[in-house]
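Examining the three-dimensional arrangement
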Amino acid sequence: MDFGGLRALEKVDLYVAEAEIVAIIGPNGAGKTTFFNCITCVYQPHRGDMIIYPPGKASKSLNGLKPNTVTEMGIARTFQNIRLFKEMTVLENVMVGRHCRTRAGIAGAILCTRKTIREEQETLEFSYGMLRKVGLEKQTNEKASDLPYGAQRRLEIARALATEPFLLLLDEPAAGMNPSETAELDELISRIREEDGISILLIEHDMKLVMNISDRIYVLDYGHLIAEGTPQQVTGNPEVIKAYLGECFDA
Amino acid sequence: MEYFLELFFGGLTRGSIYALIAIGYTMVYGIIQLINFAHGEIYMIGAFTALIAASALSIEGFGGWSLLVLAGFIAIVYSAAYGFTLEKIAYKPLRKASRLSPLISAIGMSIFLQNYVLLAQTSDFLPFPPLIEEFSFLEQVTVMRSSELLILSVTAVSTALLTLFIKFTRMGKAMRAVAQDKTMAMLLGVNVDRVISVTFIIGSTLAAIGGVLISSHIGQINFYIGFIAGIKAFTAAVLGGIGSLPGAVLGGMVLGWTESFATGYVSSDYEDVFAFGLLVFILIFRPAGILGKSTAEKI
Amino acid sequence: MPYGRRAPITQKGGKILRSFGVALWFMFLTFPIMVIKISPLEKNIEWRWGRMIYVGAGAFVLSLLWRYVIEQKRGPIPKEEADPLKVDTKDTGWNRGGSHSLQERLAIFFHKNKKFRILTFTGLFFIIAAFPFVFSTYQTSIIITALMYVMLGLGLNIVVGLAGLLDLGYVAFYASGAYFYALMNHHFGLGFWAALPMAGALAAIMGLLLGFPVLRLRGDYLAIVTLGFGEIIRLVLENWNEFSLGPSGIARIDRPGTLGIDFDLRDHTVYLYYIVVVLVAFTIIVVSRLRNSRIGRAWIALREDEVACQAMGIDKTKTKLTAFALGATWAGFVGCILAAKTTFINPASFTFMESAIILSIVVLGGMGSIFGIILGALVLILLPEYLRAFSEYRMLVFGASMVIIMVFRPQGIIGGTRKRHEFHVKEPTGEKP
């Protein structure tokens, strides 16, 4: 993946198994978010393949798809700079996530057919369930932008979950959270994996969170994969220490 | 060939005027992301003030170049004052509102100013005195008129001065800073209100210059000229890439030539169709205009 | 310059001095255009000094009033509180988010008092039904026009208010509906009732045609391209004489068919009035249902954040195109009605100003709010009509009121409409899906 003359990502081979929590770490500008954008087809990588094996379905290549199709295939994401639908209520935000799993069309909406009403009711209930999962059921009717920061991050997760993904991409979910909020998030992510069997790939700078919940960790630096392995393996890796702390550390 | 050159210079002249007005649009847009729909009316008011001033002054015995310079100066002062006041009344209170509110306010202002001139003066076309003297050295030239040469040179000089102003002065730097990030500029001690005022004053000045010159060239004005010129100039600004100064000039020229050649070679009925058709066509292939940079949004 | 200093003025003297400055500034500003009247043919000028005094006095008073209202608006409470229900205990002014809470209160009141709600709606129904029999044909005809703009406003609201696509060429669809009926009627004698749905469909197709090329454009680029599209349509209608009969327009278009009953002009007006009322009711139902549907949410999501919208699995292209097409449909309907109402159309009815007025209805009324748009249309269309008393000043007042409403109520007359959505939400209790 190149931007102008800058090579943002080069040869990043990465896999996520079913119901696994994998973290990508690396210094700022290492290409972590770019990697997410490639997977979700916001950017088209110049070379390389992205292949998914959805549980119970045939494998598919994601190359050249539109972002919304990727979501439909079961990959949902959150954003580094929170991107909620600010003027909508909390509940509506999650309901938008149901879009690709529902079918009601214009005619249905205008005529209020029984099918549409049923679907709408299902959407409401499903979305409410998602809000309960992330602990926002009390704020259903608040405007999304009125929520505190940590709650907005959780709402983003709920919205992503509403698309019924098998792989959830979290871009710095703990950024800007205080320790107790981070602890709740830690618990939430584990719960999502256990209850729904969703695989999670996350980018995070909060090392405590990463070490706590990740099964495996990939380390990126300047667009290259410099290490991978379990948390213990990665912390001991000299390459990683160098990337984070610079050469001086050795001297 | 002669016909071609005539059309070429005609288009260039028209383009210069579009460019002068378009700069006002593009600067205001660059700084507060507002389509200043009333900008065309500022141009119209400039032309009217010049006409009134010229009429009054010629009774006092002024004539020749001094009349053009004096009337032009008065027109510039008044247009700048109107631009300044316009911003204070219709846009400043709306700085924090959603993007559409100032747009409606601008449309309202445009209607208001048109009717203000209509009621205070007249709805008829008024003859505009030819303030621009003929240059003797152009007597033999058939493809270009003196007023066209003057318009071209004035446009060239004013855009050059403006570019220097923005590049090298303190205020120019402040303008660029505000255009990039208003909040940050404010935190660094830039007086954003003043920068915005100056932007409106500069834009209005250029619009007035354009208004005086083209009215003298064409020879008549009415209260409605600002509306059409405004839409065309805005088209030029978008064509070139809104927010970009060279873009506004280039857009103006491209638009001027298109209209001139379309009128000359095809049909004058469809002049505007060509202008807008070109706009649609270019934006389909370059969604941010000819010189506009399509900024990739950070996700 | 009167606006130069920004120090807060607390004393009365300061305020008056400042307004005096403003008055002087405006006297200077309006001097050439207001005072000097030129008549270039006779080569003389007329000085009208008296006007300068009026301007000065007017500016002085208005400036005091302006500052007073702005101070009231800022009020003792610095910010609109997040909880709109709490605000009404400290109600301080009509314009400091006042109607925001007023609207909330009304909504809750309506929700709670079922009797009152039924009463209001029945009352409204009878007023609307009886209107043409109480008022003159002329009045009825004005109301028809206003109701037509309600439909146009609601249609454009889909595109601008919900999907957030700034469309300045809405008039193109209006024109295509009108010309479709006019031409079909002129050449083939097609009746109103057959033409109405077809005009809507044609406008929808036009919406798609416009939608495709502009899919990639954002914000203001979209605005100018749609503006250009509208102008192109008008210019073609004006110049392509063989097709559209040119600038002189098409006359003697049939009024809506009446099953062979003979109607005089008044009957026709009353008949059209009821047609329009029914169509407006239909529009309101459709728009409000769409707004709270899956499609409506997709539109709003698109408006709020395109990237996130796509990441939620919403097809951007499809969503934009449906918004364009559905919005245009209404313009097509209303165009058809216009042709049937006036029995004469020409390209001059479809200038950019028309688009601007429809857009103003949407924004002035309060974007996204159905009730607001109805109010906006009534204000914007009835205001100039009833200002005819001031005849020549009406457009001046019209322009000024647009500015003033925006300055003092930037969110529109009725704002904050997402709140209303809440009342449709049923709280699912206990169960887990």
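Everything numeric in this text was worked out from a predicted model, so none of it was measured. (Residues numbered from 1 in each chain as written. Chains lettered and ligands numbered in written order. Predicted model: local features only at pLDDT ≥ 70, side-chain atom pairs only at ≥ 80, totals over all residues. Heavy atoms only, no water.)

Topic: the overall build of chain C
The following threshold applies: Helix numbering and strand numbering both begin at the N terminus, where a helix is a DSSP run of H or I of at least 4 residues and a strand a DSSP run of E of at least 2. Here's how the labels work: a residue is buried when its accessible area is under 20% of the maximum for its type, exposed when over 50%, partly exposed in between, all with a 1.4 Å probe on protein chains only. Note on contacts: a residue pair is in contact if any heavy atoms of the two residues lie within 4.5 Å. In this description, accessible areas are obtained by the Shrake-Rupley approach with a 1.4 Å probe, and a residue is regarded as covered only by the protein chains that are shown.
Looking only at helices and strands, chain C has 18 helices and two strands in total. Looking at the 433 residues of chain C, the share that counts as buried comes to 53%. Partitioning the contacts of chain C with sequence separation of at least 6, the portion at a separation of at least 24 is 71%. Carbon and sulfur atoms form 68% of the exposed surface of chain C, whose accessible area is close to 19700 Å².

Quick word on the interface of chain A and chain C
Selection rule: Accessible area that two parts lose when put together, evaluated with a 1.4 Å probe and summed over both, is termed the buried area. Salt-bridge detection follows one rule: a side-chain nitrogen of Lys or Arg within 4 Å of a carboxyl oxygen of Asp or Glu. Counted as a polar contact is a pair of N or O atoms within 3.5 Å, where, for protein atoms, one must be capable of donating a hydrogen and the other of accepting one, and residues adjacent in sequence contribute only when both atoms are in side chains. Each residue gets one label: Ala, Val, Leu, Ile, Met, Phe, Trp, Tyr, Cys and Pro are nonpolar, Asp, Glu, Lys and Arg are charged, and the others, such as Gly, are polar.
Between chain A and chain C, the residue contacts involve 46 residues of the former and 37 residues of the latter. The junction of chain A with chain C conceals about 3800 Å² of combined surface from both sides, 60% of it contributed by carbon and sulfur atoms. Our count for the contact surface shared by chain A and chain C stands at three salt bridges. Glu120(A) serves as the salt-bridge partner of Arg297(C), at 2.9 Å between the closest nitrogen and oxygen. Summed over the shared surface of chain A and chain C, the number is 11 residue pairs in polar contact (both at pLDDT 80 or more). Counting only elements with at least two residues in the side of chain A that touches chain C, the list comes to helix 2 (67-73), helix 3 (90-97), helix 4 (106-111), helix 5 (114-134) and helix 6 (149-161) of chain A. Among the elements that take part in the side of chain A that touches chain C, helix 5 of chain A stands out by supplying 10 residues, more than any other. Tallied by class, residues from the side of chain A that touches chain C come to 19 nonpolar, 13 polar and 14 charged.

Some words on the state of the cysteines
Under the convention used in this document: Put simply, a disulfide is two cysteine sulfurs that come within 2.5 Å.
Tallying each qualifying case throughout the model produces zero disulfides over all chains. Looking at Cys38(A), it has no disulfide partner, and the nearest cysteine sulfur is the one in Cys41(A), 8.5 Å off. Here Cys100(A) stays unpaired: no disulfide links it, and the sulfur of Cys309(C), its closest cysteine neighbor, is 11 Å away.

A word on unusual backbone geometry
Although it is not a glycine, Glu164(A) sits at a positive phi angle of roughly 50°. Among the structural elements, Glu164(A) can be located in the loop between helix 6 and strand 7 (167-171). Even without glycine at this site, Gln33(B) takes up a positive phi of about 50°. You can see Gln33(B) is positioned in the loop between helix 1 (2-32) and helix 2 (39-59).

Observations concerning the packing of helix 16 (residues 370-386) of chain C against helix 17 (residues 394-408) of chain C
Residue and element names in this part refer to chain C. Rules: Axis lines are fitted to C-alpha atoms, over the contacting stretch for helices. Their N-to-C directions set the angle, which ranges from 0 to 180 degrees. To sort the angles, those under 35 degrees are grouped as roughly parallel, those over 145 as roughly antiparallel, those from 65 to 115 as roughly perpendicular, and the leftovers as oblique. Handedness of each helix crossing follows the sense of rotation of the near helix against the far helix: counterclockwise by less than a right angle gives left-handed, clockwise gives right-handed.
As a packed pair, helix 16 and helix 17 sit with axes 9 Å apart at the nearest point and diverge in direction by 150°. In this view, helix 16 runs roughly antiparallel relative to helix 17, as classed from their interaxial angle. Helix 17 is crossed by helix 16, and the crossing has right-handed handedness. Where helix 16 approaches helix 17, its residues Leu380, Leu383, Pro384 and Glu385 are matched on the opposing element by Arg394, Phe398, Ser401 and Met402. Classifying every residue of the contact of helix 16 with helix 17 by side-chain character gives five nonpolar, one polar and two charged.

Quick look at the pattern of salt bridges
Residue and element names in this part refer to chain A. Counting across every chain of the model gives 27 salt bridges over all chains. A salt bridge links Arg193 to Asp215; the shortest N-O distance between them is 2.9 Å. Placement of the pair is Arg193 in helix 7 (residues 179-196) and Asp215 in the loop between helix 8 (207-213) and strand 9 (216-221), with a sequence separation of 22 residues. For Arg193, a relative accessible area of 19% translates into the label buried. A residue is classified by how much of its surface remains accessible, and Asp215, at 28% relative accessible area, is partly exposed.

Let's talk about the interface of chain C and chain B
The partner chain B presents 67 residues to the 64 residues of chain C that form the contact. With both sides pooled, the region where chain C packs onto chain B buries about 5800 Å², and carbon together with sulfur makes up 77% of that total. Sorting the residues of chain C by area buried against chain B places Ile33(C), Asp220(C) and Tyr221(C) first, and these three jointly supply 13% of that buried surface. Taken together, the connections running from chain C to chain B amount to zero salt bridges. Scanning the region where chain C abuts chain B turns up eight residue pairs in polar contact (both at pLDDT 80 or more).

Observations concerning helix 5 (residues 146-168) of chain B
Residues and elements named next belong to chain B. Defined as follows: Here a helix's expected span is defined as the number of its residues, less one, multiplied by 1.5 Å.
In a regular helix each residue adds 1.5 Å, so 23 residues correspond to 33 Å; helix 5 covers 33 Å between its end C-alpha atoms and thus fits that length. Along helix 5, the residues classified as buried are Ser146, Ser147, Glu148, Leu150, Ile151, Leu152, Thr155, Ser158, Thr159, Leu162 and Ile166. Residues of helix 5 that are buried sit in contact with helix 1, helix 3 (64-91), helix 6 (170-180), helix 8 (192-218) and helix 10 (245-266).

Description of the domain arrangement of chain C
Residue and element names in this part refer to chain C. Let me state the cut-off plainly: Domain limits in this description derive from either an automatic procedure or a database domain assignment.
Per the domain assignment, the segments of chain C are domain 1 (12-74) and domain 2 (135-417). The distance between the C-alpha centroids of domain 1 and domain 2 comes to 38 Å. At the interface, four residues of domain 1 touch four residues of domain 2. Summed over both sides, the interface of domain 1 with domain 2 buries roughly 370 Å², with 81% coming from carbon and sulfur. The interface formed by domain 1 and domain 2 contains zero salt bridges. There are zero residue pairs in polar contact (both at pLDDT 80 or more) connecting domain 1 and domain 2. Here the side of domain 1 that touches domain 2 is built from residues that sort into three nonpolar, no polar and one charged.

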